[in-house]
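Structure at a glance
Each chain, written out:
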Amino acid sequence: MIRAAVILAFMSVPAHAESFLSLAMDAGAGVHKFATADSASAAQSSALNACKELAGGCEIVLTRANLCATLAYDYSNGGFGVGTDVDAEVAQSNAVPICTSYGNPNCQIVETVCTK
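Attention here is on the structure that accompanies the text. (Residues numbered from 1 in each chain as written. Predicted model: local features only at pLDDT ≥ 70, side-chain atom pairs only at ≥ 80, totals over all residues. Heavy atoms only, no water.)

Turning next to the sheet that holds strand β4 (residues 59-65). If you trace the three strands from one edge of the open sheet to the other, you get β3-β2-β4, paired in antiparallel fashion. Every other strand in the sheet has two partners, leaving β3 (31-37) and β4 as the edge strands with one partner each. In this sheet, adjacent strand axes meet at a mean angle of 15° when their direction is disregarded. Bridging between strand β2 (residues 20-26) and β3 involves seven bridges; their strand directions are antiparallel. Residue pairing for β3: S22 is matched across the bridge by A35. (Pairing = 2+ DSSP bridges. Helix = DSSP H or I, 4+ residues; strand = E, 2+ residues; numbered from the N terminus. Axes fitted to C-alpha atoms, helices over the stretch in contact; angles between N-to-C directions.)

What follows is the structure, encoded as structure tokens:
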């Protein structure tokens, strides 16, 4: 069983054009792809298509606007967690504890992506 969590912080964002980030994963295969775009649907499509080039079981696990996301992954069991925040360092500091809180003992940071 894959155990995963995504912590989402809802915060007010200054009025400006939104930029979206999407994460597609096939956690069992250890494959992920991030994408950013000017719309949620474009970010999702880009992430999903890129992921599916590498693995067949990809699905969108995160889409948010105007933030950073850090993926932590446990290669021993396929579990993962995603830390998010407007600050990359905060997203990174949250990712491993989120991942391990769901019974994934060997989580490590894989990648951090910010919308802008």
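Resuming the write-up.
What follows concerns the state of the cysteines. Following the criterion strictly, the structure yields three disulfides and no others. The disulfide bridge from C68 ends at C114, spanning 1.9 Å between sulfur atoms. Disulfide C68-C114: torsion about the S-S bond near 110°, hence right-handed. Here the residue C68 occupies a position in strand β5 (residues 68-74), and C114 occupies one in strand β7 (residues 108-114), the gap between them amounting to 46 residues. A relative accessible area of 4% means that C68 is categorised as buried. Take C114: its relative accessible area is 28%, and that puts it in the partly exposed class. Taking only the cysteines that form disulfides and numbering them from first to last, the protein chain has the pattern 1-2, 3-6, 4-5. (Disulfide = S-S within 2.5 Å. Buried < 20%, exposed > 50% of the residue type's maximum accessible area, 1.4 Å probe, protein only.)

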